[in-house]
Amino acid sequence: MVARYKKSIDQFTMMLHIIKTKKDLHAGAIVDFQLLLLTKVKEAEKAILRTKAIIQKLRLEKSNDRPTKERSKEITKLIPKFEEKLEDYKYIIYIWKMYGESIAFIFCDKYAIKHFLYDKNYNIKETAGFISGKEGLKAELMFLKEAGKNNVPAVLCDLTNTLRHGDVCLLGRSDPFPIEIKTTKSDAYKPDKRAEKQFRSIGELNSFFKNDAAENFRGGGPVVRNELSFKEKYHFQAINQCIEKAYIEEMSHVSPESGIHYIAALKFKPEVYKQISAKYVHQINLNTFKRELNWHPYTPFHLSLAPEHLYKFIIGNLSIIVILDLQIIKRRFKQNGMHLTYLQDGPWYAQISATGNILEGGLRISMQSFLRLAFEFQSLSWAIKQYKEHLKSFMEEKDRPGRAMEIPPDWFTAKDCIPA
């Protein structure tokens, strides 16, 4: 069913590419792009409601109307088909919103954007629900259009999967600036408890971005935000060349650097895997995360893949797999003076230390941070260099008076079975 949206996918891909590449583009064009996206999202939401009504009607018919045996069998076959359509509509909404949040990722720092996904307890914040019929949408659109008129890039938060604080985010600086828009007929507006909570969460975010620090941020603290020490590097050319090769050979493999492998496939061929000689691997099928609506808060693939590859990847004709050679990666960390222990448990992917003894100082790498190697085709060489800088800063910080840290007991016992 998703394939029928080819014309819209191609149109949005072209428009997004213009927004990404044209430096002097007026912000009004970004508003027009979102208005088209909004129309498509609303269409899919209405289709979801219709499909749910059909499923409910079929279930009631089967349970209450005593249908014939033949009709009962027919209903039993029909319900899964409509349930599949329901998932397809949810998927296409997710894809449309990935186009929307791509705007934020073009203009703002992705490490700032990720903070908009979580609530005060660092749990993923629930989405606001359907845009259709939302009270206050008219006011949000007026604000968005006004920003466009003043050539200020902005995005409607409900047209994204990650921006879950605020109604509209201004994107004129590196950090998104969330705006909560409330409408009232009275001049003396008094926020209710829900509104107060929303304003408070936005205030905490803006304060954190302004000060680059917080004494108590989402239940943890003190938290300090540091700039990256080195310009981030990616393997966009390698993955896109791998895809182009797959169009010819049906399945292709490339290793942009030691420890990382990309596979692009239109049709799976077991012999391609034989090109990868690795004993300890983590294989990530990017299609699975895309289809399960679980790509956020990573940079949308719309900004990593060449425009001509997007349609095939979205509809599922093109598969992309990233394989991490865990043994090689561990060796590369060691060559750079770090001992790495894989955890792959809960929010943590690995633990690193300078000497191998966590008592002498070390830190943990989150699952989200480490897997940027796969979802964003991030350079491992760059990541190792950056983690080394993090470790160095941490070691310097821990030795300062008043900065003693209590090491959790499970850090002492952490170990894996992967030899260096």
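Note that the coordinates shown come from a computational prediction; the quantities given were computed from them, not determined experimentally. Sequence order as written defines residue numbering, which begins from 1 separately in each chain. Residues qualify for local features only when their pLDDT is at least 70, as the model is predicted, and side-chain atom pairs are given and counted only at 80 or more; totals for whole chains, interfaces and linings, by contrast, use all residues. For the side-chain quantities, the full set of heavy atoms in the structure was used; hydrogens and water were omitted.

Asker: What am I meant to see in the side chain of Ser-102 here?
Answerer: Relative to the elements of secondary structure, Ser-102 occurs in helix α3 (residues 69-107). Residue classification places Ser-102 among the buried residues on the basis of a relative accessible area of 0%. Contact criterion: two residues are considered in contact whenever any of their non-hydrogen atoms come within 4.5 Å of each other. Setting aside anything within four residues of it in sequence, one finds Ser-102 in contact with Leu-16, Pro-300, His-302 and Leu-303. Each helix is a run of H or I in the DSSP string that is no shorter than four residues. Each strand is a run of E no shorter than two, and both are numbered from the N terminus. The cut-offs for exposure are 20% and 50% of the maximum accessible area for each residue type, with area from a 1.4 Å probe on protein chains only; residues under the lower value are buried, those over the upper are exposed, and the others partly exposed.

Asker: Is there a simple way to think about the pairing of strand β10 (residues 339-345) in this case?
Answerer: Note on strand geometry: in a regular strand, side chains alternate between the two faces of the sheet. When DSSP finds two or more bridges between two strands, those strands count as paired. Strand direction decides the pairing type here: β10 and strand β11 (residues 348-353), joined by five bridges, are antiparallel. Considered in β11, the bridge of Asp-345 is made with Trp-348. Once β10 ends, the chain turns through two residues before running back antiparallel as β11, passing Gly-346 with a positive phi of about 60°.

Asker: Got a minute to help me understand the environment of His-390 in this structure?
Answerer: Summarising the element assignment, His-390 is placed in helix α14 (residues 380-398). Placed 28 residues apart in sequence, His-390 and Gly-362 show a C-alpha to C-alpha distance of 9.7 Å.

Asker: Just to check I follow, could you spell out the packing of helix α1 (residues 6-21) against α3 for this structure?
Answerer: Two measures define how a pair of helices packs: the angle their axes make with one another and the distance between the axes. α3 packs onto α1 with a crossing angle of 5° between their chain directions and a minimal axis gap of 11 Å. On the basis of their axis angle, the class for α1 and α3 is roughly parallel. Residues Ser-8, Ile-9, Phe-12, Thr-13, Leu-16, Ile-19 and Lys-20 of α1 form the contact with α3, whose participating residues are Trp-96, Tyr-99, Ser-102, Ile-106 and Phe-107. Within the contact of α1 with α3, the residues separate by chemical class into eight nonpolar, three polar and one charged. Axis definition: a line fitted to C-alpha atoms, limited for helices to the stretch in contact. Angles are taken between N-to-C directions and run from 0 to 180 degrees. Roughly parallel here means an angle under 35 degrees, roughly antiparallel means over 145, roughly perpendicular means 65 to 115, and every remaining angle is called oblique. Classification used: nonpolar for Ala, Val, Leu, Ile, Met, Phe, Trp, Tyr, Cys and Pro, charged for Asp, Glu, Lys and Arg, polar for all others including Gly.

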